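# Chain and residue survey
Next come the chains, spelled out residue by residue.
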Amino acid sequence: METINWKELGFGYMKTDYNVRCYYRDGKWGELEISSSETINLHMGATALHYGQESFEGLKAFMGKDGRIRIFRMRENALRMQHSCDGIMMEKLPVEIFEEAVLKAVRLNKSFVPPHDSGASLYIRPLLIGSGAEIGVKPAHEYLFIVFVMPVGPYFKEGFKPTDLVIYRHFDRAAPHGTGKYKVGGNYAASMVSGQEAKHGGFSAVLYLDSKEKKYIDECGPANFFAIRGNSYITPDSESILPSITNKSLMVLAGELGLTVEKRKVPYEELATFDEVGACGTAAVISPIKRIFDADENREFVYGTEPGIWSTRLYNKLRAIQYGDEPDKYGWNAIVE
Ligand SMILES: *Cc1c(COP(=O)(O)O)cnc(C)c1O
């Protein structure tokens, strides 16, 4: 194996030694299979290719000081994938298969788990696709589940440095009764043009408003939105956002740190009142936001150029639990034996 410079890692694909696969055929899930190939054989009529029957997950494994590898809230990801299966009519993947495949993929690629003090982690990407052929629009009869992994550094190149978001009213990511609450590729296809426009403008992501009225904050492309005002942790409640496991965890930790947690509709106008603003998700953990530019109204909201005190506390607390530096009192970590 080539030596990896753990501190230089960004967030990107890297080949590791093995991936784990499981096929659903003839009405049942097969045995887990180990593969060292990076490619799959897929029928050209697969529903994943034509009609977007595809869901993915993202979770991370961390190396502890004690040399033990911990996977953060794996069961939550397994359950969320089941929810996505219901949302786009895919065969529901049993939680045990999900968990067993994730554990196996991490164990088989142990040498790619970044060291404890590197600030990097092993990103785990489970993927479920409709692999059976259908040319009419209907759910496939065959599915393929794959888990692959890769070591990653920070998602945004700035790491835990504040970045800028942009609001565009002429783009929507997901409709209120659409698939925004499921982790499916289709939502991402729908966000590529706006995402690219944001990148070109020097922003790290788009902050979407609710698609119907454009009155409330939804989320930021691949991450949930939260804000701090006084002693409150405020995060949007919306039908079209993805329930982030990082956000769910931060809500618990915010409560523990003495903040009041408000999960509710967040009117756009409140952007002017927040002390701290951040984006949260597995990939970025917390990405503090220093500025939100409203491109339609040519208005900007500015926050600190340094991470805020509560964002920093929350970030440190979550990372400490994930790396095993603090007791895991909520039972969030699965130890890889
Ligand atoms: C995955 C994802 C998130 C973050 O969820 P986590 O469980 O915290 O990783 C947020 N928004 C969208 C749209 C996502 O797909």
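Residues numbered from 1 in each chain as written. Predicted model: local features only at pLDDT ≥ 70, side-chain atom pairs only at ≥ 80, totals over all residues. Heavy atoms only, no water.

### Details of the domain arrangement of the protein chain
- Examined at the domain level, the protein chain breaks down into domain 1 (6–152) and domain 2 (163–322).
- The gap between the C-alpha centroids of domain 1 and domain 2 is 25 Å.
- Taken together, the 21 residues of domain 1 in the interface contact 20 residues of domain 2.
- Summing both sides of the interface, domain 1 and domain 2 together bury roughly 1,800 Å²; the carbon and sulfur share of this comes to 62%. (Domains from an automatic or database assignment. Contact = heavy atoms within 4.5 Å. Buried area = accessible area lost by both parts, 1.4 Å probe.)

### Some remarks on the packing of aromatic side chains
- The full count for this structure, using the stated rule, is 15 aromatic pairs.
- Ring centres of Phe 203 and Phe 293 lie 6.1 Å apart, and the angle between their planes is 0 degrees; on these two criteria the pair is classed as stacked. Linking Phe 203 in the loop between α5 (192–200) and β10 (205–209) with Phe 293 in strand β16 (residues 285–294), this pair joins segments that are 90 residues apart in sequence. Taken individually, Phe 203 and Phe 293 each receive the classification buried, so the pair is uniform in this respect. (Phe/Tyr/Trp six-rings, centres within 6.5 Å; stacked < 30°, edge-to-face > 60°. Helix = DSSP H or I, 4+ residues; strand = E, 2+ residues; numbered from the N terminus. Buried < 20%, exposed > 50% of the residue type's maximum accessible area, 1.4 Å probe, protein only.)

### With respect to the pattern of salt bridges
- Summed over the entire model, instances satisfying the criterion amount to 23 salt bridges.
- Ionic pairing is found between Arg 169 and Asp 294, a salt bridge with its closest N-O pair at 2.8 Å. Of this pair, Arg 169 sits in the loop between β9 (163–167) and α4 (185–189) while Asp 294 is found in strand β16, placing the two residues 125 residues apart along the sequence.
- By relative accessible area, Asp 294 is classed as buried at 0%.
- Linking Glu 270 and Arg 229 is a salt bridge whose minimum nitrogen-to-oxygen distance equals 3.1 Å. Separated by 41 residues along the polypeptide, Glu 270 in the loop between β14 (260–264) and β15 (276–281) and Arg 229 in strand β12 (residues 224–229) bring together distant segments of the chain.
- Its relative accessible area of 29% is what places Arg 229 among the partly exposed residues.
- Linked by salt bridges that have partners in common, Asp 164, Lys 290, Arg 291 and Glu 300 make up one network. (Salt bridge = Lys/Arg side-chain N within 4 Å of Asp/Glu carboxyl O.)

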